[in-house]
Amino acid sequence: MTRDGRIALEFLTDRAAIHPRVDTLLVVGAGNAPAQAASWAGVVTVDRPAASPFMHAAGCACCTGRGGGLAAVLGDVFRRRATGDLKWFDRVAVLPPGGQAAAWRAALSGDVLVSARFAVR
């Protein structure tokens, strides 16, 4: 938890450097779930969106919008945390699929709900 009350959100880039924490929710791209899932507060998968016909990277902010992808998943986990459907967490670690880190960051950059609830590092 940050000083302003938002949940800390950190992007991970090196799968080998991931260390499970019981206070952290891990958000991964489809097919990236770690073997030690029980060591986290929870593990949530973001399904891979369909390829864009506009030659953009899969999951780009202009094609996914709020209706799918990472921003929608974060909204859902925030609700599930508040209602007790997920174990309480103070931090979120995001492990995007290879080559998608920039697209996932861009998808969050303009989302006011994500910015209000999560402190993206």
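What comes next concerns the included structure.

Parameters and conventions
- Residues numbered from 1 in each chain as written.
- Predicted model: local features only at pLDDT ≥ 70, side-chain atom pairs only at ≥ 80, totals over all residues.
- Heavy atoms only, no water.
- Helix = DSSP H or I, 4+ residues; strand = E, 2+ residues; numbered from the N terminus.
- Buried < 20%, exposed > 50% of the residue type's maximum accessible area, 1.4 Å probe, protein only.
- Contact = heavy atoms within 4.5 Å.
- Areas by Shrake-Rupley, 256 points an atom, 1.4 Å probe, with all protein chains shown as cover.
- Pairing = 2+ DSSP bridges.
- Axes fitted to C-alpha atoms, helices over the stretch in contact; angles between N-to-C directions.
- Salt bridge = Lys/Arg side-chain N within 4 Å of Asp/Glu carboxyl O.
- Core = buried A, V, L, I, M, F, W, Y, C linked by side-chain atoms within 4.5 Å.

## With respect to the overall build of the protein
Step number 1: On a plain count of helices and strands, the protein comes out with 4 helices and 5 strands.
Step number 2: If you list the helices and strands of the protein from N to C, you get β-β-β-α-α-β-α-α-β.
Step number 3: For the protein, with 121 residues in total, the buried portion stands at 40%.
Step number 4: Long-range contacts, defined as pairs at least 24 residues apart, comprise 60% of the intrachain contacts of the protein with a sequence gap of at least 6.
Step number 5: Entry remark: accessible area of the protein is about 6,500 Å², with carbon and sulfur atoms responsible for 56%.

## Observations concerning the sheet that holds strand S1 (residues 7–11)
Step number 1: With respect to topology, 5 strands assemble into an open sheet ordered S3-S2-S4-S1-S5, the strand pairing being parallel. Both outer strands of the open sheet, strand S3 (42–46) and strand S5 (118–120), are each paired with one neighbouring strand and no more. On average, each strand axis in the sheet is tilted by 25° relative to the strand beside it, whichever way the strands run.
Step number 2: Inspection of the sheet shows strand S2 (residues 24–29) paired to strand S4 (residues 91–95) by 5 bridges, in the parallel sense.

## Some thoughts on the pattern of salt bridges
Step number 1: Applying the stated criterion to the full structure yields 5 salt bridges.
Step number 2: Between Arg21 and Asp23 there is a salt bridge; the shortest N-O distance is 2.9 Å.
Step number 3: The class of Arg21 is partly exposed, set by a relative accessible area of 36%.
Step number 4: Via salt bridges that share partners, Asp76, Arg79 and Arg80 belong to a single interconnected network.

## Some words on the nonpolar core
Step number 1: The biggest cluster of nonpolar side chains holds 21 residues, and the ones touching the most others in it are Val27, Leu70, Leu74 and Val92.
Step number 2: Secondary structure elements with two or more residues in this core: S1, S2, S3, helix H2 (70–83), S4 and helix H3 (101–109).
Step number 3: Take this core: its biggest share by element is 5 residues, from H2.
Step number 4: If we ignore the near neighbours within four places in the chain, the residues touching Leu74 are Leu9, Val27, Val92, Leu108, Val114 and Phe118.
Step number 5: Of all hydrophobic cores here, the second largest spans 7 residues; its members include Leu12, Ile18, Leu26 and Ala93.

Scope: geometric values only; no functional claims are made or implied.
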